[in-house]
Amino acid sequence: MLWIKSLHVIFMVTWFAGLFYLPRLFVYHAMNTDTATSATFKIMERKLFYGITTPGGVLTVVFGIWLWLGYGFTGTWLHIKLALVAVLIVFHVMCGKYVREFRDDRNTRDHVYYRWFNEVPTVILIAVIILAIVKPV
Ligand code: HEM
């Protein structure tokens with residue numbers, strides 16, 4: 001199971017690399033007015049979302065469920081963690097929606113919105129790591 005736990009953590013880091021950097025790209029993209037630069041942002045956003053963030057998220061969940069079934073954990077910490085993972089998945093889906101809006105030049109939100117949006121995964125990461133390692137409840 002320790003190999004599965006290692007893979008779980010490796011893909012969690014991969015997932016978060018995308019969840020942290022994509023909203024940052026949205027901040028710069030929302031401030032940009034140049035068409036050529038916008039085309040570069042579109043390529044970066046597409047590759048980061050579909051090539052790194054989505055596979056990272058899917059594999060984190062797959063190995064997480066494997067661990068859950070393998071260890072047979074119950075515990076309140078796991079239920080709270082799963083609820084937070086559900087919020088994270090909603091955040092991920094919203095990132096995908098924003099990637100497509102920028103791709104089609106349909107973005108209507110300003111950079112301040114994306115700066116706040118950027119804080120969501122930070123809060124969830126801190127809570128989930130404490131729940132998974134300290135298991136306070
Ligand atoms: C459906 C999603 C997930 C499920 C079912 C799940 C389940 C699990 C289980 C059962 C363990 C083993 C706990 C232990 O050995 O003490 C574990 C470990 C861990 N999980 Fe998850 N997890 C999921 C998503 C996540 C996410 C999104 C993160 C990070 C934000 C995360 C971070 C960790 C960490 C850091 C550990 C290692 C804990 C340790 O070694 O003490 N997991 N996970």
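Refer to the structure above for everything that follows.
Residues numbered from 1 in each chain as written. Predicted model: local features only at pLDDT ≥ 70, side-chain atom pairs only at ≥ 80, totals over all residues. Heavy atoms only, no water.

**Some points on the nonpolar core**
By size, the foremost hydrophobic cluster in this structure holds 21 residues, and its most contacted members are L22, F26, L88, C95, Y114 and F117. When residues of this core are traced back to their parent elements, those giving at least two are α1 (2-31), α2 (35-71), α3 (76-103), α4 (111-117) and α5 (120-133). Counting residues per element, this core draws most heavily on α1, at eight residues. F117 has contacts with P23, F91, M94, C95 and Y98, leaving out every residue within four places of it along the chain. (Core = buried A, V, L, I, M, F, W, Y, C linked by side-chain atoms within 4.5 Å. Buried < 20%, exposed > 50% of the residue type's maximum accessible area, 1.4 Å probe, protein only. Helix = DSSP H or I, 4+ residues; strand = E, 2+ residues; numbered from the N terminus. Contact = heavy atoms within 4.5 Å.)

**Topic: α2**
One turn of an α-helix holds 3.6 residues; hence residues three or four places apart share an orientation. When the terminal C-alpha atoms of α2 are compared, their 52 Å separation across 37 residues agrees well with the 54 Å that a helix rising 1.5 Å per residue should span. When the local axis directions of α2 are compared, the greatest deviation, roughly 35°, occurs at F49. Taken residue by residue, α2 has S38, F41, E45, L48, F49, T53, G56, G57, T60, F63, G64 and L67 as its buried positions. Taken together, the buried residues of α2 touch α1 and α3. Trailing α2 by a residue or two, G72 shows a phi angle of about 65°, which is positive. (Expected span 1.5 Å × (residues − 1). Bend = angle between axes of the 7 residues up to and from the residue.)

**Some thoughts on unusual backbone geometry**
The phi dihedral of D105 falls on the positive side, at around 55°, and the residue is not glycine. Looking at where D105 falls in the secondary structure, it is placed in the loop between α3 and α4. Despite not being glycine, K135 has its phi angle at roughly 45°, a positive value. Turning to its location among the elements, K135 is positioned in the segment after α5.

**Some thoughts on α3**
The end-to-end C-alpha separation of α3 is 41 Å, in line with the 40 Å expected for 28 residues at 1.5 Å each. With its phi angle positive at about 55°, D105 sits one or two positions after the end of α3.

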